[in-house]
Amino acid sequence: MAQYILKRLLLMIPTLIGILFINFTILQFVPGGPIDTFKARIAGEEDFTGMGGGSAQREDDFSGDNTTDQIAIDKFKAEYGLDKPFFQRFGIMMVKYARFDFGYPMFKNKNISVLDQIKERLPVSIALGLWSTLIIYLVSIPLGIAKAVRDGTKFDTYSSAIIILAYALPSIILPVMLRMYFSGGADWGYFPLRGLQDENYDSFTAWGKFKDYVWHVTLPVISMTVAGFATKTLLTKNSFLDEIKKQYVMTARAKGLSEGRILYGHVFRNAMLIIISGFPAIFIAVFFTGSFIVEQTFSLQGLGLLGLEAVFERDYPIIMGTLFIFSLIGLAVHLLADLTYILVDPRIDFEARNS
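Only a predicted model underlies this, so the values are computations on that prediction, with no experimental measurement involved.

Asker: Talk me through the overall build of the protein; I want residue IDs and the actual numbers.
Answerer: When helices and strands are tallied, the protein shows 15 helices and zero strands. Expressed as a percentage of the 355 residues in the protein, the buried residues total 41%. Partitioning the contacts of the protein with sequence separation of at least 6, the portion at a separation of at least 24 is 72%. Total accessible area on the protein is roughly 19300 Å²; 64% of this is exposed by carbon and sulfur atoms.

What follows is the structure in structure tokens.
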């Protein structure tokens, strides 16, 4: 097992390099780069986002008649290595990334390093991702098992209708609806409007801090979990149904074993393998794709929102730095899922399969 883990850790290195190289290459061809953003700021176009439109200027279209402005642009290029060839810039970046040195942002909070900004915002995104994934599994697995045992009953039909409706609800709508009806000055404004802690948080007792944290995190976590229930619940149900129909279950029943022992002593271990295999996809989907919508809606300073703002401004250091962290966490989660297989079914031996 140690050899397998070491092998997987070593494989993470070329995988990370490949991910970063592909995205670094794509950024070079996206219209409205950081130089365009910098020129627009010099020209006083503070609303420039680099997303296209009339305000965007290409480098060749910039007149450069103002000597002072041109000097500032040249200095900007030299400061961030934009005057160097493509492969040289990528090589320098990878050497720095090996030391977790992501440099400094190009535009916003320039005096705070990218790494410090990531450290500041990462706990928010990890908390949302972990809580959401944990709740999805804690609810979906028992519900899926119950639906498999009661397959075809009214409970199965009604619960399927509810979770499919929840899945069909657009992910961008639910956070807005929850904030509209359950936070701030709404009719049922039981929850805070923004943030993850009260302004007087430091003065609270330990129990008060815990209640305040739960109070603030409830709506964001609900927003990120509802859509995940459907796929995980139906996957659990179908997985258990497939196992229940197999020969070894009929043999166990013939021997007089109770349904509970058959279900949780034999079926559970085999059915859970396919469910565990979906853990990386669930976590990554919640952590990456859903986080920036929820962070934007509830004014949470997380990593997803940081990356989104950087994309709008074409802030390369933040874009690549957050991508590196996202990719590293994703690869680590995939490894964790493989190790979980062994906990569920000790018969699995990855080293034997790879030899």
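Asker: Report on the pattern of salt bridges, specifying residues and quantitative values.
Answerer: Where charged atoms from two side chains of opposite charge approach closely, those side chains can pair. Taken as a whole and assessed by the stated rule, the structure comprises six salt bridges. Residues K108 and E309 are paired through a salt bridge, measuring 3.5 Å at the closest nitrogen-oxygen approach. Here K108, found in the loop between α4 (86–97) and α5 (114–149), pairs with E309, found in helix α13 (residues 303–313); they are 201 residues apart in sequence, far enough to count as distant. Residue class for E309 comes out partly exposed when judged on its relative accessible area of 25%. Linking K237 and D156 is a salt bridge whose minimum nitrogen-to-oxygen distance equals 2.9 Å. Here K237 is found in helix α8 (residues 206–244), whereas its partner D156 is found in helix α6 (residues 154–168), with 81 residues between them in sequence. Since its relative accessible area comes to 6%, D156 is described here as buried.

Asker: Please provide a residue-by-residue account of a nonpolar patch on the surface, values included.
Answerer: A cluster of nonpolar side chains, contributed by I172, I173, V176, M177, M180 and Y181, occupies part of the molecular surface with about 530 Å² of accessible area. Examined against the element boundaries, V176 turns out to sit in helix α7 (residues 173–182). With a relative accessible area of 38%, V176 lands in the partly exposed category.

Asker: Explain the side chain of K237 to me, and be specific about the residues and the numbers.
Answerer: For K237, a relative accessible area of 10% puts it in the buried group. Those residues in contact with K237, other than ones at most four positions away along the chain, are G144, K147, A148, D151 and D156.

Asker: Requested: an account of the nonpolar core, with residues and values cited.
Answerer: Judged by nonpolar contacts, the single largest core of 37 residues is most densely connected at L20, I118, M320 and I325. For this core, the secondary-structure elements that each account for two or more residues are α1 (2–29), α2 (34–42), α3 (67–79), α4, α5, α13 and α14 (316–344). Here the element with the most residues in this core is α14; it accounts for 12 residues. Setting aside residues up to four positions removed in sequence, M320 forms contacts with L20, F24, L27, M93 and Y97. Ranked by size, the runner-up nonpolar core spans 16 residues in total, among them V249, M272, I276 and Y341.

Asker: How would you explain the packing of aromatic side chains if you had to name every residue and give the values?
Answerer: The way to describe two aromatic rings as a pair is by their centre distance and the angle between their planes. A complete count under the given rule lists 16 aromatic pairs for this structure. Centroid distance F76 to F107: 5.8 Å. Interplanar angle 25 degrees. Geometry classified as stacked. Remark: F107 occurs in the loop between α4 and α5 and F76 occurs in helix α3; sequence separation between them is 31 residues. This pair shows no difference in class: F76 is buried, exactly as F107 is. Summarising the aromatic geometry, the rings of Y97 and F102 are spaced 4.8 Å apart at their centres and angled 90 degrees between planes, so their arrangement reads as edge-to-face. Note on accessibility: Y97 and F102 belong to one class, buried. Among the aromatic residues, ring-to-ring pairing joins F21, F24, F86, F87 and F90 into one connected group. For R150, the ring lying beneath its charged end belongs to F155, and the centroid distance is 5.6 Å.

Asker: Pulling in residues and values, what's your account of empty space enclosed by the protein?
Answerer: If you walk through the whole model with that rule in mind, you get three cavities of 30 Å³ or more. For the largest cavity, the calculated volume is near 60 Å³. Lining of the largest cavity is provided by K108, N109, Q117, R121, L306, E309, A310, E313, D315 and I318. Elements that contribute at least two residues to the lining of the largest cavity include exactly α5 and α13. Broken down by element, the residue count for the lining of the largest cavity peaks at four residues, all from α13.

Asker: Tell me about the layout of surface pockets, and name the residues and values.
Answerer: Quantified by volume, the largest pocket comes out at close to 530 Å³. What lines the largest pocket is a set of 23 residues, among which Y80, G81, K96, F102 and P317 lie closest to the centre. When grouped by side-chain class, the residues that make up the lining of the largest pocket number 14 nonpolar, three polar and six charged.

Asker: Any details on α7? Residues and values, ideally.
Answerer: By the burial criterion, the buried members of α7 are L174, P175 and L178. Viewed end-on, α7 has its buried residues packed into an arc of 100 degrees, placing them on one side of the element.

Asker: Break down the side chain of S159 for me, with residues and values.
Answerer: If you trace the backbone, S159 turns up in helix α6. The class of S159 is buried, set by a relative accessible area of 11%. Among the polar contacts listed, one links the side chain of S159 to the backbone oxygen of D156, at a separation of 3.1 Å.

Asker: So what about the packing of α5 against α6? Which residues, and what values?
Answerer: Relative orientation of the contacting elements α5 and α6 amounts to 140 degrees, with a least axis distance of 9 Å. By the criterion of interaxial angle, the relationship of α5 to α6 is oblique. At the point where α5 passes α6, the crossing takes the left-handed sense. Listed contacts from α6 to L143, A146 and K147 of α5 are F155, D156, S159, S160 and I163. Its residues placed into classes, the contact of α5 with α6 shows four nonpolar, two polar and two charged.

Conventions adopted
Residues numbered from 1 in each chain as written. Predicted model: local features only at pLDDT ≥ 70, side-chain atom pairs only at ≥ 80, totals over all residues. Heavy atoms only, no water. Helix = DSSP H or I, 4+ residues; strand = E, 2+ residues; numbered from the N terminus. Buried < 20%, exposed > 50% of the residue type's maximum accessible area, 1.4 Å probe, protein only. Contact = heavy atoms within 4.5 Å. Areas by Shrake-Rupley, 256 points an atom, 1.4 Å probe, with all protein chains shown as cover. Salt bridge = Lys/Arg side-chain N within 4 Å of Asp/Glu carboxyl O. Patch = residues over 30% accessible without salt bridge, like charges linked within 9 Å, V, L, I, M, F, W, Y side chains within 5 Å. Core = buried A, V, L, I, M, F, W, Y, C linked by side-chain atoms within 4.5 Å. Phe/Tyr/Trp six-rings, centres within 6.5 Å; stacked < 30°, edge-to-face > 60°. Lys NZ or Arg CZ within 6 Å of the ring centre and 35° of its normal. 1 Å grid on protein atoms, 1.4 Å probe; cavity = no way out; pocket = protein on both sides within 12 Å on 5 of 7 lines; lining within 4 Å. Points joined across faces, edges and corners; volume = space filled by probe spheres on them. Nonpolar A, V, L, I, M, F, W, Y, C, P; charged D, E, K, R; others polar. Arc of directions from axis to C-beta. Polar contact = N/O pair within 3.5 Å; in protein donor to acceptor, adjacent residues only side chain to side chain. Axes fitted to C-alpha atoms, helices over the stretch in contact; angles between N-to-C directions. Parallel < 35°, antiparallel > 145°, perpendicular 65-115°, else oblique. Left-handed = near helix turned anticlockwise from the far one by under 90°.

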